[in-house]
Structures are given as C-alpha cells and as structure tokens.
Amino acid sequence: MEAAVKNISSLPQKKENKDIKDTVKHIVLPFLPAKTLVRFKSVSKEWENWISSPFLVHEQSYYFKNLSGFFCQHEQGVPTFVSLDQNAYGLPNTSLDFLPEQTNILSSSSGLLLCQGQEENNLYYVCNPATQKWTELPPHSLYHDSPPAIILAFEPSPLNMKPDYHLICAVPLLGQPVVIFEVYSSETQTWTILDSCVLVETGESLSFTGNGYYMKGIAYWETSNRKLLAFEPRGGVHEIISLPNDSNGTLTQIEGELCYISVCATGSKNGYFVRIYSGIKMGLKCKVEVNLDSGFDESVWSYYRVMPCLAGNLVMVLVGRFVYSCRIMIGDWTVEVVGRADIDSADAEDTKYLAYVNSLVHVA
C-alpha cells in the first residue's frame, strides 16, 4: 500500500519533469546557435532526432539571429572565421575547404554564405559553414564584374519551411552609363535578367564598393563616389541616395530603419566618434564619443572601421586587431562598449569581412 502511495505521489513530479523537458525541447532549442545544438544531440536519441528534424532546423533558422562572428579573407587567400564566442559559435571547418575549389567570400545572409570559385569558370557556391552543406549555382547569362556587385538575400519566414533565397547582381554595361540587374532564385534554380535599368548621370561612378546590404526586400550598393544605389527587385524601382562623407562606415538596420554608421578618431588617446545617420536623406541622428582602450601602444591602432552589422542595436568597431562590441541605447542615443575580441590579423585594412549567424539552415 505504501509503495502505491509513493508511486502516486511521484506522478505529478514526473509530469512536471516532462513538461520542463518539452518546454526546453520545443521553446528553448530554436533560440540556440548551431554548435550548441549539435552538442545537445548527445543528450538522448529523442533529442538527436528532434535537432536533426527539418522542423527544428526551420525554427532555429528563423529565431536565432545573433551575430556569431566574421568570415575574413585577405585578397584571394584562404578564408578564416573569427568567432565572437568559440564555445558557442565555433565551426567545424573555418577555411571552407569542403567546397570543391578555393573560393572568394562575397556575401552572407542568415547563416548562408555566398562564395565564388577562383578557377576559370568563376562558379558561384552557396553553403552553410555550420553543416558544411553546399550547392553549385548554374551559370549566369551576363558578365559579372570581378569582384561582382552581388548580394545574397535570405529572409527566413515562419510560414515557409523551404529556405528560398535570391542573388541580386548589379551589372554595369560595358562602355555605357547603364546598370542592369540579374537575379537568381533558389526556388526556380534559374537566373533572370530584369527589365529594369538605372541610367547613370554624367560624372557619376559605376564602380561599386563594400559588401552590399539587403533589408525588407531592397538591395543596397555603395558606389565609389559616396552614393547608394537602392533597388527593389520585385517592383523594379530604384533610388540614388547620397551617403555621408564619412569613411570607414557600414550600412545596418536599427528599429526597422536603414542606417549608416561610421567611426573616426577624436584626436584624444583611445577616443572615437561613432556617428549614426538614418532616413532617405541620411541625416545625422547622433554623434557619440566612446573610449576604446586597447591597453597597448596607440601607434599600433592607426586603422579603424565599423564592421558589417546585422539588424539590431549592436555595432562592432574594429580598431587595429581588436573588435569592440558597442551597444546603442536607442532612447537617449548613447553608445556603451560591452565587449572586445582579438581578431589576430596583421592585414585588417585589406581584409574583407562578412557578418555571420551560426545557423542550421538547409541549403537549397
């Protein structure tokens, strides 16, 4: 009788433990990075099956959006990865040598990475560095510059299990003041030359710089004469926006609005101004002085820039070999330094950086 009472009394506890387990499994796991989830496969066979399922992969690719680190490449050297937390965001292969040839990194979006082969055909590859899965894209019709002004656009949707993405390439016509666009769709696996074009005024530059940026269905490219070409592929609408004269900046999204963030030295030791511009006219939103104290000889840190950003209020500033995490306080528009990571690179000034999210997303 006593044993029966003990068994009955333990039932609520077992139910409670089961509820907690289900809560972690279905609510907590989608918000964790890929590396952590791979480790959690060893918890049980049930967890291994769930983490490997397309349902969890889909949820994680949508909910986990934290900046995990930066892919880096100096000229055409071997790519490397700088993790902001090696335990949480590390990768099994940081040099991308699981791809069939040595590549140049071009664009990154929500866990997917776009690369271009260095061999004669200049093939495009889309891969997930966390899973080492990749796909080779079919040849395009137009001639793409080297490097191409191309953007990988992937916006995970809670309603679409299939990770559909697009490549949007701005193509200046040789010898003509015209830019046209070629778009690849993973859904149809085809390239399409759009009817839309941009006529460039006399004296304007057709040279694109930076990595390009994509948000809310619009692609943005910086030009060498401080202009921003904005293009909406679905409607074929474009706009030319004047950028601030500040160099060492990058495009990002803060509270749903396109922003340009730059950094410059104040002249005082370890002092830097962070400037935030926003709106269609890129007006100055705020200018904040921050202290980025390296603790080393200041002559070493003559180079500085804002790193590629993700949507949100976290800005990464590279000073010498250190990346500083700066949190923007939206209400009073102040900037707080919250962390620092050593990228250990002697060639930071000539290195291409791409922001990366540690995702399990499937490659289509």
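What this report covers is the structure whose coordinates are included nearby. (Residues numbered from 1 in each chain as written. Predicted model: local features only at pLDDT ≥ 70, side-chain atom pairs only at ≥ 80, totals over all residues. Heavy atoms only, no water.)

Description of the overall build of the protein
Here's step 1: Per the secondary structure count, the protein includes 5 helices and 23 strands.
Here's step 2: Every one of the 364 residues in the protein was classed for burial, and the buried ones make up 47%.
Here's step 3: For the protein, long-range pairs separated by at least 24 residues make up 48% of all intrachain contacts whose partners lie at least 6 apart in sequence.
Here's step 4: Put simply, the protein shows about 18300 Å² of open surface, and 50% of that area lies on carbon and sulfur atoms. (Helix = DSSP H or I, 4+ residues; strand = E, 2+ residues; numbered from the N terminus. Buried < 20%, exposed > 50% of the residue type's maximum accessible area, 1.4 Å probe, protein only. Contact = heavy atoms within 4.5 Å. Areas by Shrake-Rupley, 256 points an atom, 1.4 Å probe, with all protein chains shown as cover.)

Side note on the environment of Q118
Here's step 1: Topologically, Q118 is positioned in the loop between β4 (112-117) and β5 (124-128).
Here's step 2: Distance in space between the C-alpha atoms of Q118 and N104 is 6.8 Å, their sequence separation being 14 residues.
Here's step 3: Not counting residues within four places of it along the chain, the set of residues in contact with Q118 comprises Q73, Q76, G77, E101, Q102, T103 and N104.
Here's step 4: A polar atom in the side chain of Q118 sits 2.7 Å from the side chain of N104. (Polar contact = N/O pair within 3.5 Å; in protein donor to acceptor, adjacent residues only side chain to side chain.)

Regarding the layout of surface pockets
Here's step 1: A volume near 600 Å³ is recorded for the second largest pocket.
Here's step 2: Taken together, 30 residues line the second largest pocket, and the ones lying closest to its centre are A153, D164, Y165, H166 and R234.
Here's step 3: When residues of the lining of the second largest pocket are traced back to their parent elements, those giving at least two are α4 (54-63), β8 (166-172), β9 (178-185) and β10 (190-199).
Here's step 4: Of the residues assigned to the lining of the second largest pocket, the class counts are 14 nonpolar, 11 polar and 5 charged. (1 Å grid on protein atoms, 1.4 Å probe; cavity = no way out; pocket = protein on both sides within 12 Å on 5 of 7 lines; lining within 4 Å. Points joined across faces, edges and corners; volume = space filled by probe spheres on them. Nonpolar A, V, L, I, M, F, W, Y, C, P; charged D, E, K, R; others polar.)

Quick look at the sheet that holds strand β7 (residues 149-153)
Here's step 1: In space, the 4 strands of this open sheet follow the order β7-β8-β9-β10, with antiparallel pairing throughout. Every interior strand has two partners, whereas the edge strands, β7 and β10, have only one. Across this sheet, the average inter-strand angle for adjacent strands is 20°, counted without regard to direction.
Here's step 2: The pairing of β8 with β9 spans 7 bridges and is antiparallel. Residue pairing in the sheet places V171 in a bridge with I180 of β9. (Pairing = 2+ DSSP bridges. Axes fitted to C-alpha atoms, helices over the stretch in contact; angles between N-to-C directions.)

A few points about helix α3 (residues 45-52)
Here's step 1: Those residues of α3 that fall on the buried side of the exposure criterion are W47, W50 and I51. Buried residues in α3, looked at end-on, bunch into an arc of 95°, giving them a common side. (Arc of directions from axis to C-beta.)

So, the nonpolar core
Here's step 1: In terms of nonpolar packing, the biggest core is built from 25 residues, with L29, F71, L96 and L113 touching the most fellow members.
Here's step 2: Secondary-structure elements contributing two or more residues to this core are α2 (34-40), α3, α4, β4, β5 and β23 (351-356).
Here's step 3: Beyond its immediate stretch of four places on either side in the chain, L113 contacts F71, L96, I105, S107, S108, Y125, V126, C127, P129, L152 and L354.
Here's step 4: With 24 residues, the next largest nonpolar core counts I261, V274, L292 and I328 among its residues. (Core = buried A, V, L, I, M, F, W, Y, C linked by side-chain atoms within 4.5 Å.)

Topic: the side chain of Q60
Here's step 1: On the secondary structure map, Q60 appears in helix α4.
Here's step 2: By relative accessible area, Q60 is classed as buried at 0%.
Here's step 3: Engagement of the side chain of Q60 in a polar contact is seen with the side chain of S359, the distance being 3.5 Å.
Here's step 4: Apart from the residues within four sequence positions on either side, Q60 is in contact with L29, P30, L32, P33, A34, L37, N358, S359 and L360.

A few points about the sheet that holds β4
Here's step 1: With respect to topology, 4 strands assemble into an open sheet ordered β3-β4-β5-β6, the strand pairing being antiparallel. Edge positions in the sheet fall to β3 (103-109) and β6 (133-136), since each has one partner strand and no second. With direction set aside, neighbouring strand axes in the sheet form an average angle of 25°.
Here's step 2: Where β4 and β5 come together, 4 bridges link them in antiparallel fashion. Considered in β5, the bridge of C115 is made with Y125.

A word on the state of the cysteines
Here's step 1: Scanning the entire structure with this criterion turns up 0 disulfides.
Here's step 2: In this structure C115 is not part of a disulfide, and its nearest cysteine sulfur, from C127, lies 4.5 Å away.
Here's step 3: Unpaired in terms of disulfides, C326 finds its nearest cysteine sulfur in C309, a separation of 9.7 Å. (Disulfide = S-S within 2.5 Å.)

What to know about the packing of aromatic side chains
Here's step 1: Under the definition given, this model contains 16 aromatic pairs.
Here's step 2: Between F71 and F81, the aromatic rings sit 5.0 Å apart at their centres with planes inclined by 45°, giving tilted as the arrangement. Taken together, the residues F71 in strand β1 (residues 69-74) and F81 in strand β2 (residues 80-83) connect sequence positions 10 residues apart. Residues F71 and F81 agree in their burial class; the two are buried. (Phe/Tyr/Trp six-rings, centres within 6.5 Å; stacked < 30°, edge-to-face > 60°.)

Quick look at the pairing of β2
Here's step 1: For β1 and β2, the ladder comprises 4 bridges, and the chain directions are antiparallel. Bridging from a neighbouring strand, F71 pairs with F81 of β2.
Here's step 2: Linking two consecutive strands that pair antiparallel, namely β1 and β2, is a turn of 5 residues; a positive phi of about 50° is found at E75 within it.

Description of unusual backbone geometry
Here's step 1: The peptide bond linking S146 to P147 adopts the cis configuration, its omega dihedral lying at 0°.
Here's step 2: In this fold, P147 is placed in the loop between β6 and β7.
Here's step 3: The backbone phi angle of Q189 is positive, close to 55°, even though this residue is not glycine.
Here's step 4: Note that Q189 resides in the loop between β9 and β10.

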